[in-house]
Amino acid sequence: MIIYSIRRLLLLLVTLFFLSLVSFSLSYYTPNAPLSGASLTDAYFFYAHNMIHFDFGISSINGEPIKAQLVEALPATMELCTLAFLFALIVGIPAGIIAGVWRNKSADIIISNFALLGFSVPVFGLALLLTLFFSLKLGWLPVSGRIDLLYNLQPITGIALVDAWLSDSPYRQQMIINVLQHLILPIITLAIAPTTEVIRLMRNSTEEIMSENYVKAAATRGLSRFTIIRRHILHNALPPIIPKLGLQFSTMLTLTMVTEIVFNWPGLGRWLVTAIRQQDYSAISAGVMLVGSMVIIVNVLSDIVGAMSNPMKHKVGYAFR
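Definitions and limits used
- Residues numbered from 1 in each chain as written.
- Predicted model: local features only at pLDDT ≥ 70, side-chain atom pairs only at ≥ 80, totals over all residues.
- Heavy atoms only, no water.
- UniProt positions renumbered as here; feature names shortened; annotations may be inferred.
- Axes fitted to C-alpha atoms, helices over the stretch in contact; angles between N-to-C directions.
- Helix = DSSP H or I, 4+ residues; strand = E, 2+ residues; numbered from the N terminus.
- Parallel < 35°, antiparallel > 145°, perpendicular 65-115°, else oblique.
- Left-handed = near helix turned anticlockwise from the far one by under 90°.
- Contact = heavy atoms within 4.5 Å.
- Salt bridge = Lys/Arg side-chain N within 4 Å of Asp/Glu carboxyl O.
- Buried < 20%, exposed > 50% of the residue type's maximum accessible area, 1.4 Å probe, protein only.
- Expected span 1.5 Å × (residues − 1).
- Bend = angle between axes of the 7 residues up to and from the residue.
- Phe/Tyr/Trp six-rings, centres within 6.5 Å; stacked < 30°, edge-to-face > 60°.
- Core = buried A, V, L, I, M, F, W, Y, C linked by side-chain atoms within 4.5 Å.
- 1 Å grid on protein atoms, 1.4 Å probe; cavity = no way out; pocket = protein on both sides within 12 Å on 5 of 7 lines; lining within 4 Å.
- Points joined across faces, edges and corners; volume = space filled by probe spheres on them.
- Nonpolar A, V, L, I, M, F, W, Y, C, P; charged D, E, K, R; others polar.

- Identification of the protein as Putrescine ABC transporter permease SapB from Proteus cibi is taken from an unreviewed UniProt entry.
- Under Sequence similarities (unreviewed entry), UniProt gives the following word-for-word description of the protein: "Belongs to the binding-protein-dependent transport system permease family. OppBC subfamily."

Here it is as structure tokens:
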């Protein structure tokens with residue numbers, strides 16, 4: 001397990017190095033690049049030194065430090081992605097277990113068809129449909145933004161829900177409700193695709209566990225389905241899919257760009273799309289490095305957590321090397 005973790009961390013460092021080369025090229029080879037005047041070696045070491053200290057330079061569009069813009073945009077994106085990922089797990093894991101336990105039954109057919117439908121709908125189409133129905137037609141939920149302009153929410157952590165909770169305003173409760181109303185549609189839009197994938201992974205893993213002899217023996221002893229799920233299926237079916245859940249979180253980071261554009265969410269995705277549209281190469285370089293690093297780190301950590309929850313799999317793998 002220790003050897004496996006060390007190897008994954010070394011792979012993380014190597015991958016981050018190659019990612020830094022891609023990010024550096026945007027600051028060196030592009031038109032009006034800020035580092036193009038220096039030699040290639042000196043420019044890269046200068047870039048790497050600043051990157052280690054989280055100094056991404058100055059935006060060529062508004063003259064503001066890119067680091068300050070990232071500090072404002074990143075918490076909004078992480079709030080949206082984290083809540084959507086939790087939604088995907090809370091809905092997807094039980095639905096996948098139900099579909100796997102009652103496979104080829106009516107429950108499995110209904111869940112599988114809904115999962116296929118949710119996976120087939122494009123994110124931007126789903127976002128527009130939800131906005132048209134729940135916001136414009138029914139008027140239940142707001143169209144865009146994080147909170148109504150009526151409320152003066154002071155940023156503390158950058159996470160709107162936490163800031164509203166920590167606020168000492170007399171309208172604190174109304175602000176919390178308003179923030180939750182603004183979160184509903186973006187979370188549902190962003191979580192649909194990962195939820196369908198979690199259902200598929202959990203269904204396949206549950207189906208494999210259901211065919212094991214110890215599950216069949218538990219059923220012959222007269223244990224109820226709920227007891228079998230709680231004692232045998234849940235903690236045996238979940239560990240194998242943990243590394244793949246990291247991939248879903250990474251996918252969510254890319255889907256959030258479209259979601260933030262549709263719902264005017266002031267996060268990292270919308271900020272990066274704006275930088276690309278305005279050809280702000282310093283900001284694009286910082287965004288590529290930050291998003292890529294988050295994707296790589298999440299995947300490596302999910303691999304390590306998956307190995308910790310299922311160490312025998314990796315012990316067997318090393319025994320034959």
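### Side note on the packing of helix α3 (residues 66-101) against helix α10 (residues 242-262)
Now for step 1: The contact between α3 and α10 brings their axes to 10 Å, and the two run at 130°. Classified by the angle between their axes, α3 and α10 sit oblique to one another. The hand of the α3/α10 crossing is right-handed. In this structure, α3 contributes Thr77, Met78, Leu80, Cys81, Thr82, Ala84, Phe85 and Leu89 to the contact, and α10 contributes Leu245, Gln248, Phe249, Met252, Leu253, Thr256, Thr259 and Glu260.

### Side note on the pattern of salt bridges
Close approach of charged atoms allows side chains of opposite charge to pair.
Now for step 1: By the definition in use, this model includes four salt bridges.
Now for step 2: Between arginine 200 and glutamate 197 there is a salt bridge, with its nearest N and O atoms 2.4 Å apart. Remark: glutamate 197 and arginine 200 occur in helix α7 (residues 172-210); sequence separation between them is three residues, near one turn of the helix.
Now for step 3: On the accessibility criterion, arginine 200 (41% relative accessible area) is partly exposed.
Now for step 4: Note on glutamate 197: relative accessible area 15%, which makes it buried.
Now for step 5: Salt bridges here are not isolated pairs; linked through shared partners, they connect Asp108, Arg203 and Glu207.

### Quick notes on helix α9 (residues 225-237)
Owing to its 3.6 residues per turn, the α-helix aligns residues three or four sequence positions apart on the same side.
Now for step 1: For α9, which comprises 13 residues, the first-to-last C-alpha distance of 15 Å sits more than 12% below the rise-based estimate of 18 Å (1.5 Å per residue).
Now for step 2: In α9, a bend of some 30° at arginine 231 exceeds every other bend along the element.
Now for step 3: Burial in α9 covers these residues: Thr227, Ile228, Ile229, His232, Ile233 and Ala237.
Now for step 4: Each element contacted by the buried residues of α9 is listed here: α3, α7 and α8 (213-220).

### Overview of the UniProt feature "transmembrane region" (unreviewed entry) in the protein
Now for step 1: The positions UniProt marks with the feature "transmembrane region" (unreviewed entry) are residues 83-102, 114-136, 175-193 and 283-305.
Now for step 2: Annotated as 95% helix and 0% strand, the span residues 83-102 places its first and last C-alpha atoms 29 Å apart.
Now for step 3: Helix makes up 100% of residues 175-193 and strand 0%, and the two end C-alpha atoms of the span are 29 Å apart.

### What to know about the packing of aromatic side chains
Now for step 1: Enumeration over the complete set of coordinates arrives at eight aromatic pairs.
Now for step 2: For the ring pair tyrosine 44 and tyrosine 47, a centre distance of 6.4 Å and an interplane angle of 40° mean the geometry is tilted. Pair noted here: tyrosine 44 and tyrosine 47 are both in helix α2 (residues 40-52), with a separation of three residues, about one helical turn. The same class applies to tyrosine 44 as to tyrosine 47, namely buried.
Now for step 3: With a centroid separation of 6.2 Å and an interplanar angle of 45°, the aromatic rings of phenylalanine 134 and tryptophan 140 are classed as tilted.
Now for step 4: Judged by relative accessible area, which is 24%, phenylalanine 134 ranks as partly exposed.
Now for step 5: Aromatic rings pair up to connect Phe17, Phe18, Phe24, Tyr44, Phe45 and Tyr47 into one cluster.

### Regarding helix α1 (residues 2-28)
Now for step 1: With 27 residues, α1 should cover 39 Å at 1.5 Å per step; its first-to-last C-alpha distance of 39 Å lies within 8% of that length.
Now for step 2: All of the buried residues in α1 are Tyr4, Ser5, Arg8, Leu12, Leu16, Leu19, Ser20, Ser23, Phe24, Ser27 and Tyr28.

### Structural notes on the UniProt feature "domain: ABC transmembrane type-1" (unreviewed entry) in the protein
Now for step 1: Following the UniProt record, the feature "domain: ABC transmembrane type-1" (unreviewed entry) maps to residues 74-302 here.
Now for step 2: With 78% helix and 0% strand, residues 74-302 has end C-alpha atoms that lie 21 Å from one another.

### Here we look at the nonpolar core
Now for step 1: Ile66, Leu70, Leu190, Ile233 and Trp271 are the most contacted members of the largest nonpolar core, which has 68 residues in total.
Now for step 2: Setting aside residues no more than four positions away along its own chain, isoleucine 233 makes contact with Val101, Thr206, Ile209, Met210, Ile228 and Leu238.
Now for step 3: Formed by six residues, the second largest nonpolar core is a distinct cluster that contains Leu126, Ala127, Leu185 and Phe263.

### Comments concerning the layout of surface pockets
Now for step 1: Computed from the structure, the largest pocket encloses a volume of approximately 740 Å³.
Now for step 2: Every residue lining the largest pocket is counted, 30 residues in all, and those nearest its centre are Glu72, Ala73, Arg146, Pro266 and Arg270.
Now for step 3: Elements supplying a minimum of two residues to the lining of the largest pocket: α3, α6 (160-166) and α11 (268-277).
Now for step 4: For the lining of the largest pocket, the class distribution of residues is 14 nonpolar, 10 polar and six charged.
Now for step 5: Among the elements that line the lining of the second largest pocket, the one with the most residues is α3, at four residues.
Now for step 6: Residues of the lining of the second largest pocket, tallied by class, amount to 12 nonpolar, one polar and one charged.

### Considerations on the side chain of threonine 196
Now for step 1: Tracing the backbone shows threonine 196 in helix α7.
Now for step 2: Beyond its immediate sequence surroundings of up to four residues, threonine 196 is in contact with Ala115, Gly118 and Phe119.

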